[in-house]
Amino acid sequence: MAKKKSTIPSHAKLNPKALGISLGIISALSIFFLGLVASAGWGQTLVLTMGSFYKGYSPGILGSLAGGIWGFIEGFIVGYVMARIYNKVS
């Protein structure tokens with residue numbers, strides 16, 4: 001009897017670009033909505049503190065858009081690097 005070849009790899013590799021985009025979108029949406037909520041009065045201190053790291057991030061629509069862009073960039077980089085490290089180690 002011939003041995004069947006498994007279609008499942010022994011360990012799965014992560015796609016760095018896909019993980020980067022996924023984490024970028026999640027981060028961007030989170031930071032964007034936090035900025036909108038802060039414009040209503042909740043979490044303003046957090047947004048102002050984060051604004052010292054993200055240029056242009058502040059409570060309000062334009063500040064939330066700026067924070068969302070920065071959040072996507074940061075999330076993409078973190079996701080990409082995490083996937084690359086995982087693929088090297090595993």
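Look up a bit, the structure's there.
These figures come from a predicted structure and were not determined experimentally.

1. Digging into the overall build of the chain
For step 1, the next point in the chain: Across its full length, the chain carries three helices and zero strands.
For step 2, the next point in the chain: Order of helices (α) and strands (β) in the chain, N terminus to C terminus: α-α-α.
For step 3, the next point in the chain: Buried residues in the chain amount to 27% of all 90 residues.
For step 4, the next point in the chain: Contacts in the chain between residues far apart in sequence, at least 24 positions, make up 60% of those at least 6 positions apart.

2. Points about the environment of Ile 25
For step 1, the next point in the chain: Tracing the sequence through the fold places Ile 25 in helix α1 (residues 16-39).
For step 2, the next point in the chain: Look at Ile 25 and you get partly exposed, because its relative accessible area is 42%.
For step 3, the next point in the chain: Spatially, the C-alpha atom of Ile 25 lies 8.1 Å from that of Phe 76, the residues being 51 residues apart in sequence.

3. Section: the nonpolar core
For step 1, the next point in the chain: Counting residues in hydrophobic clusters, the biggest one holds six residues: Ile 31, Ala 38, Val 47, Met 50, Tyr 54 and Tyr 57.
For step 2, the next point in the chain: Of all elements in the fold, only α1 and α2 (44-51) reach the threshold of two or more residues within this core.
For step 3, the next point in the chain: Tyr 57 has contacts with Ile 31, Leu 34, Gly 35, Val 47, Met 50, Gly 51, Gly 63, Ser 64, Ala 66 and Gly 67, leaving out every residue within four places of it along the chain.

4. As for the packing of aromatic side chains
For step 1, the next point in the chain: If you walk through the whole model with that rule in mind, you get four aromatic pairs.
For step 2, the next point in the chain: Between the aromatic rings of Tyr 54 and Tyr 57, the centroid separation amounts to 6.2 Å while the plane-to-plane angle is 70 degrees, which identifies the pairing as edge-to-face. Tyr 57 shares its class with Tyr 54; the two are buried.
For step 3, the next point in the chain: Ring centres of Phe 76 and Tyr 80 lie 6.0 Å apart, and the angle between their planes is 25 degrees; this geometry places the pair in the stacked category. Remark: Tyr 80 and Phe 76 occur in helix α3 (residues 61-89); sequence separation between them is four residues, near one turn of the helix.
For step 4, the next point in the chain: Under the relative-accessibility criterion, Tyr 80 is labelled partly exposed at 32%.

Rules used throughout
- Position numbers for residues start from 1 in each chain and track the written sequence from start to end.
- For this predicted model, a pLDDT threshold of at least 70 governs which residues receive local features, and a threshold of 80 or more governs which side-chain atom pairs are given and counted, while totals over whole chains, interfaces and linings are taken from all residues.
- Where side-chain values are given, they derive from all heavy atoms of the structure, hydrogens and water being excluded.
- Numbering of helices and strands starts at the N terminus; helices are DSSP runs of H or I of at least 4 residues and strands are runs of E of at least 2.
- Three labels apply to residues, based on accessible area from a 1.4 Å probe with only protein chains included: buried if under 20% of the type maximum, exposed if over 50%, partly exposed otherwise in between.
- When checking whether two residues touch, look at their non-hydrogen atoms; a contact exists if any pair is within 4.5 Å.
- Only buried residues count toward a nonpolar core. Its members are Ala, Val, Leu, Ile, Met, Phe, Trp, Tyr and Cys residues joined through side-chain atoms within 4.5 Å.
- Two rings belonging to Phe, Tyr or Trp (six-membered ring only in the last case) form a pair when the distance between their centres is within 6.5 Å. Interplanar angles under 30 degrees mark stacking, angles over 60 mark edge-to-face geometry, and anything in between is tilted.

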